[in-house]
Amino acid sequence: MSEGNKATILIADDEKEIRDLINIYLKGEGYDTILAEDGEEALKYIEERKIDLIILDIMMPKIDGIGVCMKVREKINTPIIMLSAKVEDMDKILGLTTGADDYVTKPFNPLELIARVKSQLRRYTRLNNMTPAAEVKNDEIITIDDLKINVVNHQVFVGDEEKKLTPTEFDILLLLAENRGKVFSIENIYESVWKEDFMESDNTVMVHIRKIREKLGENSRMPKYIKTVWGVGYKIEK
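Residues numbered from 1 in each chain as written. Predicted model: local features only at pLDDT ≥ 70, side-chain atom pairs only at ≥ 80, totals over all residues. Heavy atoms only, no water.

Draft legend 1. Spatial organisation of the sheet that holds strand β8 (residues 155-158). Across the sheet, 4 strands lie side by side as β6-β7-β8-β9; this open sheet has antiparallel pairing. Every other strand in the sheet has two partners, leaving β6 (141-144) and β9 (161-163) as the edge strands with one partner each. Averaged over all pairs of adjacent strands, the angle between their axes in this sheet comes to 25°, without regard to strand direction. The pairing of strand β7 (residues 147-150) with β8 spans 4 bridges and is classified as antiparallel. Directly across from Leu147, in β8, lies its bridge partner Val158. (Pairing = 2+ DSSP bridges. Helix = DSSP H or I, 4+ residues; strand = E, 2+ residues; numbered from the N terminus. Axes fitted to C-alpha atoms, helices over the stretch in contact; angles between N-to-C directions.)

Draft legend 2. Layout of the nonpolar core. Counting 28 residues, the largest nonpolar core has Leu147, Ile149, Leu173, Leu176, Ile189, Leu216 and Ile226 as the members making the most contacts within it. The set of elements that each furnish at least two residues to this core consists of β6, β7, β8, α6 (167-178), α7 (186-193), α8 (204-216) and β11 (233-236). Per-element accounting of this core gives the leading share, 7 residues, to α6. Ignoring any residue separated from it by four or fewer positions in sequence, one finds Leu173 in contact with Ile149, Val156, Leu165, Ile212, Leu216, Ile226 and Ile236. If you look at the next biggest cluster of nonpolar residues, it comprises 23 residues, including Ile34, Ala42, Tyr103 and Val207. (Core = buried A, V, L, I, M, F, W, Y, C linked by side-chain atoms within 4.5 Å. Buried < 20%, exposed > 50% of the residue type's maximum accessible area, 1.4 Å probe, protein only. Contact = heavy atoms within 4.5 Å.)

Draft legend 3. Structural context of unusual backbone geometry. Following Lys106, the chain continues to Pro107 via a peptide bond in cis, the omega torsion being -5°. You can see Pro107 is positioned in the loop between β5 (102-105) and α5 (110-128). Despite not being glycine, His154 has its phi angle at roughly 55°, a positive value. Structurally, His154 can be placed in the loop between β7 and β8.

Spelled out as structure tokens, the structure:
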């Protein structure tokens, strides 16, 4: 990412009014933008350009947002914010489980979207400002049985196998790992990682926890690392 706010953001939405609205606000914050009107065009730009964040509408012609998200996640961890006019939980869960980092429901407040863009870019910047492995100190690696978390390079290993987590998934895992034994409620996790107020009906955290467990190869009924404290929240034991 270049200096200042000169991150490049792809806006993929088949509604011109939505594309133009988001574009105006992002340009006003100093970001570079690329606009796509369908999933096929979005993937073309992703292949050709260095993109720092993707804003994806779910319902798009040719290839929908879910399909684009899945293809992107096969190759890169660029932050993805999903947009959808739907409010059903399943629609949101589907977007998050295919690799999206955040989700905004239409109609949305453009300033809220900008805040989420900035939050995701901060995580992405930290992820890419990595120290060479040879320079990482032992106290910058958290070890929990055969789970190793490289705090500096944002890498996660189970045994010798690296597990690819999105920036948001990594932040949740790191929060729990750095505070072993402490139980975090869903509200605590959301406000610590997303840096914004928790919405009571929001199940974003639960979806991310489930995805992290899957990537770590955990048995959902008897998880080895992230424990569920029923009625309270989640923790990693000491």
